[in-house]
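# Secondary and tertiary structure notes
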Amino acid sequence: MLLSDKMWKALNEQVKWELESSYMYLGMAAYLNDCSLPGFAQWMREQAKEEVEHAMRIYNYIEERGNRVELLPIAAPAKEWADVHEVFQKSFEHEQFVTGLINNLVDIAVAEKDHATSVFLNWFVTEQVEEEDTFRAVLDKLSFVKPGCSALLFLDKQMGKREEA
Ligand code: FEO
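Residues numbered from 1 in each chain as written. Predicted model: local features only at pLDDT ≥ 70, side-chain atom pairs only at ≥ 80, totals over all residues. Heavy atoms only, no water.

### Considering the overall build of the chain
Here is the rule: Numbering goes from the N terminus for both helices and strands, where a helix is a DSSP run of H or I of at least four residues and a strand is a run of E of at least two. Note on exposure labels: buried denotes an accessible area under 20% of the residue type's maximum, exposed denotes more than 50%, and partly exposed covers the range between, all computed with a 1.4 Å probe on protein chains only. Methods summary: accessible areas were calculated by the Shrake-Rupley approach with a probe of 1.4 Å, and residue burial reflects only the protein chains presented. In this charge count, Lys and Arg are treated as positive and Asp and Glu as negative; neither His nor the chain ends contribute. A single reference atom marks each charge: NZ on Lys, CZ on Arg, CG on Asp, CD on Glu.
Assigned secondary structure in the chain consists of 5 helices and 0 strands. The N-to-C order of helical and strand elements in the chain reads α-α-α-α-α. Here the C-alpha coordinates of the chain stretch approximately 55 × 25 × 25 Å along the principal axes. When burial is assessed residue by residue, the chain has 45% of its 165 residues classed as buried. Counting every atom, the chain has about 9200 Å² of accessible surface; 55% of that belongs to carbon and sulfur. With 17 positive and 29 negative side-chain charges, the chain shows a separation of 2 Å between the mean positions of the two kinds.

### Some points on the packing of helix H1 (residues 5–34) against helix H4 (residues 115–142)
Axes are the key here: two packed helices are described by the angle between their axes and the distance separating the axes. Rule in force here: Axis definition: a line fit to C-alpha positions, over the contact stretch in the case of helices; interaxial angles, taken between N-to-C directions, run 0 to 180 degrees. If an angle is under 35 degrees, it is roughly parallel; if it is over 145, roughly antiparallel; if it lies from 65 to 115, roughly perpendicular; otherwise it is oblique. Crossings are classed by handedness, with left-handed meaning an anticlockwise turn of the near helix from the far one by less than a right angle and right-handed meaning a clockwise turn. Pairs of residues are marked as contacts when any of their non-hydrogen atoms sit within 4.5 Å. Residues are grouped as follows: nonpolar covers Ala, Val, Leu, Ile, Met, Phe, Trp, Tyr, Cys and Pro; charged covers Asp, Glu, Lys and Arg; every other residue, Gly included, is treated as polar.
Packing of H1 against H4 brings their axes to within 14 Å, and their N-to-C directions diverge by 25 degrees. It follows from the interaxial angle that H1 and H4 lie roughly parallel. Where H1 crosses over H4, the handedness of that crossing is left-handed. Taken together, the residues of H4 that come into contact with H1 (itself represented by Met7, Leu11, Glu18 and Tyr25) are Thr117, Leu121, Phe124 and Phe135. Of the residues in the contact of H1 with H4, the class split is 6 nonpolar, 1 polar and 1 charged.

### Concerning H4
This is how it is decided: In this scheme, a helix's expected span is set at 1.5 Å multiplied by one less than its residue total. The reported bend at a residue is simply the angle between two axes, fitted to the 7 residues ending at it and to the 7 residues beginning with it.
Between its first and last C-alpha, H4 extends 41 Å over 28 residues, near the 40 Å set by a 1.5 Å rise per residue. Where H4 bends most, the angle comes to about 30 degrees, and this point is leucine 121.

### Re H1
Here H1 contains 30 residues, and its C-alpha end-to-end distance of 44 Å stays within 8% of the 44 Å for a straight helix at 1.5 Å per residue. Directly beyond the C-terminal end of H1, a positive phi value near 60 degrees is found at serine 36.

### Structural notes on the side chain of histidine 94
Checked against the element boundaries, histidine 94 lands in helix H3 (residues 84–111). Overall, histidine 94 belongs to the buried group, its relative accessible area being 12%.

Structure follows, in structure tokens:
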């Protein structure tokens with residue numbers, strides 16, 4: 001069964017948000033690499049890959065429902081941050097924003113009694129808890145480190161161990 005216009009529009013827009021998230025994290029990876037923090041950069045590259053996967057999950061679902069995906073423009077990401085702390089603070093806030101978007105999608109699905117989409121979105125609801133927790137954990141570690149000190153280099157090594165998505 002086709003998606004309602006409202007549900008389609010919101011899901012179609014979420015494809016854009018996930019791709020925009022990927023673009024944002026890739027921009028952060030470039031910044032972190034330029035800061036001589038290849039481990040943090042690698043971590044962000046993996047995050048960027050995950051966001052493309054999120055986008056494709058929704059992309060595929062829209063098609064499975066018999067609708068067409070319409071790709072929307074993606075905003076250029078920021079280029080500069082004060083330091084690695086700010087990068088992760090902004091990322092964490094961004095994930096909270098995405099959680100809000102997912103919750104809004106669930107609200108629409110529930111209001112429309114679109115059970116299939118509700119079930120589909122369950123994965124994202126759980127994923128957002130994990131996403132926020134992942135960024136919060138890095139922020140917690142960073143809170144013990146002053147930028148520029150050797151502990152940051154140690155943490156950089158740890159971050160570089162993130163497994164491929
Ligand atoms: Fe796709 Fe990080 O939320």
